[in-house]
Amino acid sequence: MFEDPHLAPCATNYEALTPLSFLRHAVETQATKPAVIWRDLSMSYAGFGMLVARMADWLSAQGAGQGDVVSVILRNRPEMLAAHFAVPAIGAVLNTINTRLSTDEIAYILGHSQSRLLIAEADTLGAVGDTAVPVVTLCSGPGASDGVDFFDEIKNADSPAISHLDALPSDENAAIALNYTSGTTGKPKGVVYTHRGAFLNALGNVVSLGFSDRTRYLWTLPMFHCNGWTHTWAVTAAGGTHICLDAIEPQKMVELIARHRVTHMCCAPVVLYMLLEHMSEPAGQPVKVGTGGAAPTPALIARMEELGFEIVHLYGLTECYGPVTLNDPVFAPDTALDDRARRLARQGLRHQTTGGVLVLDDAGEAVPADGQTVGEISLRGNTLMAGYYRDPEATEAAMGSGVFRTGDLAVLHPDGEIEVRDRAKDIIISGGENFSSLEVEAVLHQHPDILLAAVVAAPDPKWGEVGWAFVELKSGRSADPQALDAFCRSHLAGFKRPQRFIAGPLPKTATGKVQKFALRARAKELVDGR
């Protein structure tokens, strides 16, 4: 009876879910409220809506349209934020490129994504290299004459109407963004996000992190990382203020936190350590900080609390729109520091709109919630990717079983919280950046003096972990570490280069397979000074 045709969704009671509606609502209800602050520029939501409309019209004039991929390689500036609305508003798909990638990696992404257009700025243009994709450079600031300037049109009385904010996808499961992994299993994979998934994940972040119209969000997290963990849309949904920061400059961060009374920020632990070196006085207001990639240490927690920061520990992947769990415990006033650190080391519980976060054994069964039995973190739900672009085989392998297996090993505690015990063996997470040890090994194997190379993660107090290279040299050959570093420098992005080279025979199994667990143990011993 309740399946009768007259009860089916219709134009009156159904509208496709899309984060474009967040900006439309903000413009309608908070037109004069500060939306974006960048350098000396402060822009209301009405002004930001005009910027988005101007960019959307310009993109259409360049020939971009339905289903086209528009790539951007930009730092955290207003046009980067605007692209998250302007590109999908014309039916195109946004591809944000990591500014730290090498020229070869960028070329691969532009080619594989079949990008229609690349938007860059002077500080990111140098990494692009030669490409058949049309490249457009933005101005260095409002009123500058050194590139495309979308700001000037905001003040023009003849600016186009903000009709683009009314744009809705014909299908809420249509692609909104295309984000590339860091190549942890070889070539980077193109992860497809949908309007529906972005809408739901953004609202989950609003609830889980407490975004509101009083939120003042400092963009220390790159917007190219999973579309800023969908906070580009989430902060807008809440009617908060985006405070753009071009680059991580600790002293600048201290100044912005004080001047704009920042309430929220997200970053890798390494950024927090940098901040501590420059911040002597407490923030004038509580600041909630989302971080992940390495468990916060007791020393970090203690110092951040002294300065007025509350740390929230997050866990996630590109394939799930960024973090899917958060650990934000409330402690009794007398809770010991070591106990707080031990609890914050966990990755926590799923956030509001995440589906299932499971810990499964090899047979696909849930492990007992005993805090001891190790299984693999597996995900399902509305905030998982649609699939890998132009790779049906990899999509089937990742999604076909009914869960997405992350490759990360964890235990499940009696209270339902997960705690990562080991990472997928070939992934190194350094300063919030993921990369594949296999990729680095492939480069080292091109060196004429190296017979065999194995790259593993070594603990690092600043970066969480870094790559170390153990190399077995060809007979009669020698290799200087500085020369090896120079070789890697010409082939790899900076964060992927090994921080140490150790020459000698590699431990192997009877079948000749390198025992990476032994190398990890050796690296830890060397770090610990044993």
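Quantities reported herein were computed from a predicted structural model and do not represent experimental measurements.

A few words on the environment of valine 443. Position of valine 443 among the secondary structure elements: in helix 14 (residues 437-444). Classification of valine 443 as buried rests on a relative accessible area of 7%. Residues valine 443 and leucine 492 lie 49 residues apart in sequence; the distance between their C-alpha atoms is 8.0 Å. What valine 443 contacts, discounting residues up to four positions off in sequence, is Phe487, His491 and Leu492.

Now for the confidence of the model for the chain. On average, residues of the chain carry a pLDDT of 91, and 95% of them reach 70 or more. Within the model, the stretch residues 155-161 combines pLDDT values under 50 with six contacts to residues more than four positions away or in other chains.

Time to look at the packing of aromatic side chains. Where two aromatic rings form a pair, the distance of their centres and the angle of their planes describe that pair. According to the stated counting rule, one finds eight aromatic pairs in the structure shown. Arranged with centres 5.0 Å apart and planes meeting at 25 degrees, the rings of phenylalanine 22 and phenylalanine 199 form a pair that is stacked. Of the two residues, phenylalanine 22 sits in helix 1 (residues 20-29) while phenylalanine 199 sits in helix 6 (residues 195-209), which places them 177 residues apart along the sequence. Taken as a pair, phenylalanine 22 and phenylalanine 199 share a single burial class, namely buried. When the centroid spacing of 6.1 Å and the interplanar angle of 90 degrees are considered together, the rings of phenylalanine 48 and phenylalanine 85 count as edge-to-face.

If you walk across this open sheet you meet the three strands as 23-24-25, and the pairing is mixed. Taken across any chain shown, the strands that pair with only one partner, and hence form the sheet edges, are strand 23 (450-460) and strand 25 (500-503). Strand-to-strand, the axes of this sheet are offset by a mean angle of 25 degrees, without reference to chain direction. Bridging between strand 24 (residues 464-473) and strand 25 involves four bridges; their strand directions are parallel. Residue valine 471 lies in a different strand from strand 25, and its bridge partner there is alanine 503. Across the sheet, helix 14 is in contact with strand 23, strand 24 and strand 25; its angle to strand 23 comes to roughly 145 degrees.

The rules behind the values
- Residues numbered from 1 in each chain as written.
- Predicted model: local features only at pLDDT ≥ 70, side-chain atom pairs only at ≥ 80, totals over all residues.
- Heavy atoms only, no water.
- Helix = DSSP H or I, 4+ residues; strand = E, 2+ residues; numbered from the N terminus.
- Buried < 20%, exposed > 50% of the residue type's maximum accessible area, 1.4 Å probe, protein only.
- Contact = heavy atoms within 4.5 Å.
- pLDDT = per-residue confidence, 0-100.
- Phe/Tyr/Trp six-rings, centres within 6.5 Å; stacked < 30°, edge-to-face > 60°.
- Pairing = 2+ DSSP bridges.
- Axes fitted to C-alpha atoms, helices over the stretch in contact; angles between N-to-C directions.

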